[in-house]
Amino acid sequence: MSNSMWGGRFTGSPASIMEEINASIDVDRKLYRQDIAASRAHAEMLGRQGIIGADDAEKLKAGLDEVLREIEAGTFTFSREREDIHLNVESRLTEIVGEAGKRLHTGRSRNDQVATDFRLWVRDAVDRILPEIAALQLALAERAVETAAMVMPGFTHLQTAQPVTFGHHMLAYVEMLSRDRGRFVDARKRLNESPLGSAALAGTPFPIDRHATAAALGFDRPMANSLDGVSDRDFAVEALSAASLCAIHLSRLGEELVLWCSAQFGFVRLSDAFTTGSSIMPQKRNPDAAELIRAKAGRIVGALTSLLIVLKGLPLAYQKDLQDDKAPTFEAMETLSLSLAAMTGMIRDLAPDAARMRAAAGLAFSTATDLADWLVRVLGLPFREAHHVTGRIVARAEALGVTLDALPLAEMQEVEGRITADVFGVLSVESSVASRTSYGGTAPANVLREAKAWVERLGTQGAGKGA
């Protein structure tokens, strides 16, 4: 039997494999709240405009409310024969309210219907993710307050470079996540236009009020072009782009947690709440949550790639290819939400080992740049010459197996005779970090001030709606 909702043109039934590939209800049932909200706004507008009778409009709204109750109570029967969430809802609505249910689709198409529902879902997902990012930022900022003066090695090329503080490291991720929030906020502004009323692709001859339905659904305005309205998926691409970059940031932090938890680093420890054991090695404590976050970043980036490939060759307007836009988007946004929650839990859970990090910060002549800066500042050497002098002094320290601050003054003076004992005042890791007072530098006073400002800002924003 052909589909009763669209089958007037057809006399035969679709092949079973056609039904299988065409049905999307297993995926787009997630849109039920958005579909019912958009249908309710459409029904109210139709009644207000006199396109359908006021009694029918009221029946439709009451019937849609009943459908929503059934779905949320788990008593609604989803049918794959009805293909998608739109036809499932409309079919059940017609069973509830009778002939009035057949009037709901006046002045719209499944094309603008799904475009509207999907926009609403992505907007809701962004609104959930924004405070979740803010919660992670707050956890990091609070850690930064606690560890503003806790010295650790900073790395370039994964080699010890210069001392920094653990709090400074935490704040680097606060900044990254701030940009992530900004991208989501920016994407939300652009997506907040309503496709509803674009109909199939050309608009409708009925005297609909698109501004009214847009306002009822919380959109800023209706989309200005009906072809664009039904075919645009930029909003999903932008959301997935923001999600992908956020996931990459989480993956980078996850990688650092994995390294820091290892015996070779030993910078932090995670409790039993965020680690697992081994089936064969009883001593193991594996940072599996951090590792899984690394992996999930790939799935989120994959969702972005998937959607871009779906879109890349599509002419205007709607194409059935767009049925495959939702599954990757749903999974990616939900995966990002899970990853943010897990990372927030780990940041609040971890216990930094200050002594281990302090010891590591002093290795590999990490204050060599401080020595070069002293030669520039005190002796007036050009920096490039100071760089060479320092390199020769480092070579002497390495040959003697001592750190720079333990190298005898006489050894330094063999390289540069004007060096005085005052140089030892800049060679400890504590003096190194304390000296980095430039804006954005790692000086503990800088870090504490910035961390407290972030804590206050994030606490004030609460819901995390801004960047």
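What you see is a predicted model, and the numbers here were worked out from it, not measured in a lab. (Residues numbered from 1 in each chain as written. Predicted model: local features only at pLDDT ≥ 70, side-chain atom pairs only at ≥ 80, totals over all residues. Heavy atoms only, no water.)

## Some details on the pattern of salt bridges
Line of reasoning, step 1. On inspection of all chains with the given rule, the structure shows 32 salt bridges.
Line of reasoning, step 2. The residue Asp325 makes a salt bridge to Lys326 at a minimum N-O spacing of 2.7 Å.
Line of reasoning, step 3. You can call Asp325 buried: its relative accessible area is 0%.
Line of reasoning, step 4. In this structure, the salt-bridge partner of Asp373 is Arg436, at a minimum N-O distance of 3.9 Å. Note that Asp373 is positioned in helix α14 (residues 368-379) and Arg436 in the loop between α17 (429-435) and α18 (444-461), a separation of 63 residues in sequence.
Line of reasoning, step 5. It is possible to trace a salt-bridge network through shared partners that takes in Glu70, Arg82, Arg92 and Glu95. (Salt bridge = Lys/Arg side-chain N within 4 Å of Asp/Glu carboxyl O. Buried < 20%, exposed > 50% of the residue type's maximum accessible area, 1.4 Å probe, protein only. Helix = DSSP H or I, 4+ residues; strand = E, 2+ residues; numbered from the N terminus.)

## Concerning the confidence of the model for the chain
Line of reasoning, step 1. Residue-level pLDDT values for the chain average 95, and 96% of them are 70 or greater.
Line of reasoning, step 2. A low-confidence stretch, residues 463-467 stays under pLDDT 50, and its non-local contacts, those more than four residues away or across chains, total 17 contacts. (pLDDT = per-residue confidence, 0-100. Contact = heavy atoms within 4.5 Å.)

## Side note on helix α15 (residues 383-400)
Line of reasoning, step 1. Taking 1.5 Å as the rise per residue, α15 with 18 residues should run 26 Å; its terminal C-alpha atoms sit 25 Å apart, in good agreement.
Line of reasoning, step 2. Ala386, Val389, Thr390, Ile393, Val394 and Ala397 are the residues of α15 that are buried. Projected down its long axis, α15 shows its buried positions confined to an angular sector of 145°, all on one face. Along α15, the residues that are exposed and aim more than 90 degrees away from the buried face are Arg384, His388, Glu398 and Ala399.
Line of reasoning, step 3. With its phi angle positive at about 70°, Gly401 sits one or two positions after the end of α15. (Expected span 1.5 Å × (residues − 1). Arc of directions from axis to C-beta.)

## What about the nonpolar core?
Line of reasoning, step 1. Grouped together as the largest cluster of nonpolar side chains are 92 residues, with contacts concentrated most on Leu140, Phe166, Phe184, Trp260, Met333, Leu336 and Met343.
Line of reasoning, step 2. Look past the residues within four positions of Trp260 in its chain and what remains in contact with it is Met152, Phe166, His169, Met170, Phe265, Gly266, Phe267 and Val268.
Line of reasoning, step 3. Of all hydrophobic cores here, the second largest spans 20 residues; its members include Trp374, Ile393, Val423 and Val426. (Core = buried A, V, L, I, M, F, W, Y, C linked by side-chain atoms within 4.5 Å.)

## Section: helix α13 (residues 354-361)
Line of reasoning, step 1. For α13, the set of buried residues is Met357, Ala360 and Ala361. One side of α13 holds all its buried residues, which, seen down the axis, span an arc of 100°.
Line of reasoning, step 2. Those residues of α13 that are buried are in contact with β1 (151-156), β2 (159-165), α7 (166-191), β6 (351-352) and α17.
Line of reasoning, step 3. At the N-terminal end of α13, a side-chain oxygen is found 3.3 Å from the backbone nitrogen of Ala355, two or three residues along, and the residue is Asp353. (Polar contact = N/O pair within 3.5 Å; in protein donor to acceptor, adjacent residues only side chain to side chain.)

## Looking at the pairing of β2
Line of reasoning, step 1. For β1 and β2, the ladder comprises five bridges, and the chain directions are antiparallel. The partner of Met152 across the bridge, within β2, is Val164.
Line of reasoning, step 2. Hairpin connection between β1 and β2: a loop of two residues separates the two successive antiparallel strands, and His157 in this loop has a positive phi of roughly 60°. (Pairing = 2+ DSSP bridges.)

## Brief notes about the packing of helix α10 (residues 234-261) against helix α11 (residues 288-311)
Line of reasoning, step 1. At their nearest, the axes of α10 and α11 sit 8 Å apart, and the two run at 160° to each other. Taken together, the axes of α10 and α11 lie roughly antiparallel to each other. Here α10 and α11 pass one another in a crossing that is left-handed.
Line of reasoning, step 2. Split into classes, the residues belonging to the contact of α10 with α11 amount to 19 nonpolar, four polar and three charged. (Axes fitted to C-alpha atoms, helices over the stretch in contact; angles between N-to-C directions. Parallel < 35°, antiparallel > 145°, perpendicular 65-115°, else oblique. Left-handed = near helix turned anticlockwise from the far one by under 90°. Nonpolar A, V, L, I, M, F, W, Y, C, P; charged D, E, K, R; others polar.)

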